[in-house]
Amino acid sequence: MLPELKLYNTLTRQREAFAPLDPKLVRMYVCGPTVYDLAHIGNARPVIVFDLVYRLLRHLYGPSHVKYVRNITDVDDKINARAAQEYPGLDLNEAIAKVTFSTEAQFHDDLEALGVLHPDVEPRATEHIAEMRDLIERLVASGHAYVAEDHVLFSVPSMPDYGRLSNRPLEDMIAGARVDVAPYKRDAMDFVLWKPSKIGEPGWPSPSGIAVPGRPGWHIECSAMSWKHLGETFDIHGGGIDLVFPHHENELAQSRCAFHTGVMAKLWMHNGFLQVEGEKMSKSLGNFVTIRDLLADWPGDVLRLNMLKTHYRQPIDWTVKGLEESARTLEQWFDIATTEAHPRPAPAVLEALCDDLNTPKAIAEMHALKDHAGKKALAGTLAFLGFEPARLAAWSAAHAPVLAISEQEIESRIAERIAARRNRDFAASDRIRDELLAQGVALKDNKDGSTTWEAKR
RNA sequence: GGCCACGUGGCGGAGUGGUUACGCAGCGGACUGCAAAUCCGCGUACGGGGGUUCGAUUCCCUCCGUGGCCUCCA
């Protein structure tokens, strides 16, 4: 008997029992990266969190009954700016291709190290321009959008319940507006669906009779890609909490008005923000931490556990101390879970995860497995959660501290020490132990009388 | 200024209207020639103030603190 899955829905501000629209196919869309720079640890949070949601759904509904779409946004002003900066001599479109291609490859390498499964579909925005145009024309035709000065704008007042996701009544937003309003907007809240391309910028034939080439606004790509791969409505839409407004609010407005539906996704999930050593991560503070940097010092599995130690909706403070603790925990678990893995996660862990992805509770349950005869269950749970001893071992081998002493020498010194202890020459015995420690080798005298060693971290 | 979230023991971090979270660190014990590793055991908590209640860390109000968002790159 599987536990009932309950998830917190940003749209309703409460936990709800999850029931897919189509019981034969659970559909989830998560906003992926805009590929203009190395992914930082804050970007890793939604990727890891929703990877776990994906694993959980596959377990509950069967792997062939879940479709997970995570996009790559490869058209964006930040990309254009980066491309122009990195490759000043190159044609802008070629430069953009270089930036997006290499950034995407790096992103995939990072995720591989973090134990993240591939989504079922990973669409790129530039491959869905036709769907975007189609959506825009539907919106214009139904009066939800209009053309002005070669732009297409979404008419926010045309949607009576705009603002429901972010819980911002229209009046409040207008009152709090602090940005100059473009003159071609009918309403201050209207947002861009399509805009004209400047010379040299990427451009595509425009919709709605606009003569000049253009490019999509920020939000339309996700409406287009989720439609193409998941349909007009689907089950779960995820991302970071910073995306709730305006990105998700506007996505939702576009899709619902284009398809005349009451919902876009039934359930909206948002992960909390991440800070580094108690401070907001920013380039000016110099605490901007990329996944790549972290992987130089820590195995991906440790980063993964560190991320899951905090409940996904809570703010997380990313610290070296926390990483050290996670590394130790993972090491202990892998030391214990050496037996054949159970094919399923431990029931108590599954139950915790079904309770709005309560990973801290799940981790506590794993500690309980350690204490009892739960080795096989622990191994199975670790595998289920995406932790892989082989990957960890590979990282450790690649990053092992260089010892100035060979393994044979270590073994012979251990033998020497055993002999000294047998003769009760403890001065000699302790000297050997200290010398090895100074060389980075820590000895362990086990209960069975044997002595083993490990490289000191 | 508007909207929202968070504030738990030395640290990390769940949860709950009235019984132990859990982990790390610490302390005590076992083991050890002594340590380390390992095993067993132990302790301290719910930001301030008010209210509701027989009873609040848990609900309400308020204050303080921390953080996020407030769009077309301004």
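Everything here concerns the structure above.
The sections below set out a description of the structure shown in this document. (Residues numbered from 1 in each chain as written. Chains lettered and ligands numbered in written order. Predicted model: local features only at pLDDT ≥ 70, side-chain atom pairs only at ≥ 80, totals over all residues. Heavy atoms only, no water.)

**Focus: the sheet that holds strand 10 (residues 265-271)**
Note on sheets: strands pair through backbone hydrogen bonds, and any given pair is parallel or antiparallel. Cut-off, in case you're wondering: What makes two strands pair is DSSP finding at least two bridges between them. Per the convention used, a helix needs a DSSP run of H or I reaching at least four residues, while a strand needs a run of E reaching at least two, with both numbered from the N terminus. Note on geometry: axes are C-alpha line fits, over the in-contact stretch for helices, and angles between N-to-C directions span 0 to 180 degrees. Whether two residues touch is decided by their heavy atoms; if any such pair falls within 4.5 Å, the residues are in contact.
Pairing in this open sheet of four strands is parallel, and the strands run 4-3-9-10 from one edge to the other. Strands at the two margins of the open sheet, each flanked by one partner only, are strand 4 (66-70) and strand 10. Here the strands of the sheet are splayed against their neighbours by 20° on average, with no regard to which way each runs. Here strand 3 (residues 26-30) pairs with strand 9 (residues 234-240) via three bridges, running parallel. Along strand 9, the bridge assignment pairs Val-30 with Gly-238. Its contacts with the sheet put helix 6 (residues 220-230) on strand 3, strand 4 and strand 9, and the angle it makes with strand 3 is roughly 160°. Contacting strand 9 and strand 10, helix 7 (residues 244-259) runs over the sheet at an angle of about 160° to strand 9.

**Observations concerning the side chain of Thr-451**
Our working definition: Throughout, exposure labels follow a simple rule: accessible area from a 1.4 Å probe, protein chains only, divided by the maximum for the residue type, with under 20% read as buried, over 50% as exposed, and the rest as partly exposed. Here a polar contact is recorded for every N or O atom pair within 3.5 Å, except that within protein the pair must consist of a potential hydrogen donor and a potential acceptor, and residues adjacent in sequence are included only if both atoms are side-chain atoms.
Along the polypeptide, Thr-451 turns up in strand 15 (residues 451-455). Judged by its relative accessible area of 13%, Thr-451 falls in the buried class. A distance of 2.9 Å separates the side chain of Thr-451 from the side chain of Asp-445, its partner in a polar contact. Thr-451 has contacts with Ile-414, Arg-417, Ile-418, Arg-421, Leu-443, Lys-444, Asp-445 and Asn-446, leaving out every residue within four places of it along the chain.

**Some remarks on the environment of Ala-17**
Along the polypeptide, Ala-17 turns up in strand 2 (residues 14-17). Spatially, the C-alpha atom of Ala-17 lies 4.4 Å from that of Lys-6, the residues being 11 residues apart in sequence. Ignoring sequence-local partners within four residues, the contact set of Ala-17 consists of Glu-4, Leu-5 and Lys-6.

**Section: unusual backbone geometry**
Cis geometry marks the peptide bond from Phe-245 to Pro-246; its omega dihedral reads 0°. Within the secondary structure, Pro-246 sits in helix 7. Of note, the phi angle at Asp-150 is positive, near 65°, even though the residue is not glycine. Unusually for a residue other than glycine, Glu-277 sits at a positive phi of about 50°. According to the relative accessible area criterion, Glu-277 is partly exposed, its value standing at 46%.

**Considering the pairing of strand 4**
Judged by how many residues are buried, strand 4 sits mostly within the fold: four of five residues are covered. For strand 3 and strand 4, the ladder comprises five bridges, and the chain directions are parallel. Pairing of Val-30 across the sheet is with Arg-70, part of strand 4.

**Some details on the environment of Tyr-54**
Inspection of the secondary structure assignment puts Tyr-54 in helix 1 (residues 41-61). On a C-alpha basis, the gap between Tyr-54 and Trp-318 in space is 24 Å, while along the polypeptide they are 264 residues apart. Setting aside residues up to four positions removed in sequence, Tyr-54 forms contacts with Met-28, Val-66, Tyr-68, Leu-117, His-118 and Asp-120.

**Observations concerning the packing of aromatic side chains**
Between two aromatic rings, the relevant description is the distance of the centres plus the angle of the planes. Quick reminder of the rule: Between 30 and 60 degrees the pair is tilted, below 30 it is stacked and above 60 it is edge-to-face, where a pair is any two Phe, Tyr or Trp rings, Trp via its six-membered ring, whose centres lie within 6.5 Å. A positively charged side chain is recorded as over a ring if its NZ (Lys) or CZ (Arg) lies within 6 Å of the ring centre. The angle to the ring normal must also be within 35 degrees.
Overall, the coordinates contain five aromatic pairs when judged by the stated rule. Both rings, one in Phe-18 and one in Tyr-61, keep their centres 6.1 Å apart while their planes meet at 80°; by these two values the pair is edge-to-face. Residue Phe-18 is found in the loop between strand 2 and strand 3, and its partner Tyr-61 is found in helix 1; the two are separated by 43 residues along the sequence. Ring centres 4.8 Å apart and planes at 50° place the aromatic pair Tyr-54 and Tyr-68 in the tilted group. Residue Tyr-54 is located in helix 1, and its partner Tyr-68 is located in strand 4; the two are separated by 14 residues in the primary sequence. The exposure classification of Tyr-54 matches that of Tyr-68, with both residues buried. Above the plane of the ring of Tyr-8 lies Arg-313, whose end atom (NZ or CZ) is 4.0 Å from the centre.

**Some points on the layout of surface pockets**
Rules: Both site types are read off a 1 Å grid over the protein atoms alone. A 1.4 Å probe that fits but cannot get out defines a cavity, while an open set with protein on both sides within 12 Å along at least five of seven lines defines a pocket; lining residues have an atom within 4 Å of a point. Grid points are joined across faces, edges and corners, and a volume is the space filled by probe spheres set on the points. Polarity classes work like this: nonpolar for Ala, Val, Leu, Ile, Met, Phe, Trp, Tyr, Cys and Pro, charged for Asp, Glu, Lys and Arg, and polar for all others, with Gly in that last group.
By volume, the largest pocket is sized at about 1000 Å³. Broken down by element, the residue count for the lining of the largest pocket peaks at five residues, all from helix 1. Class assignment of the residues belonging to the lining of the largest pocket gives a composition of 18 nonpolar, 13 polar and eight charged.

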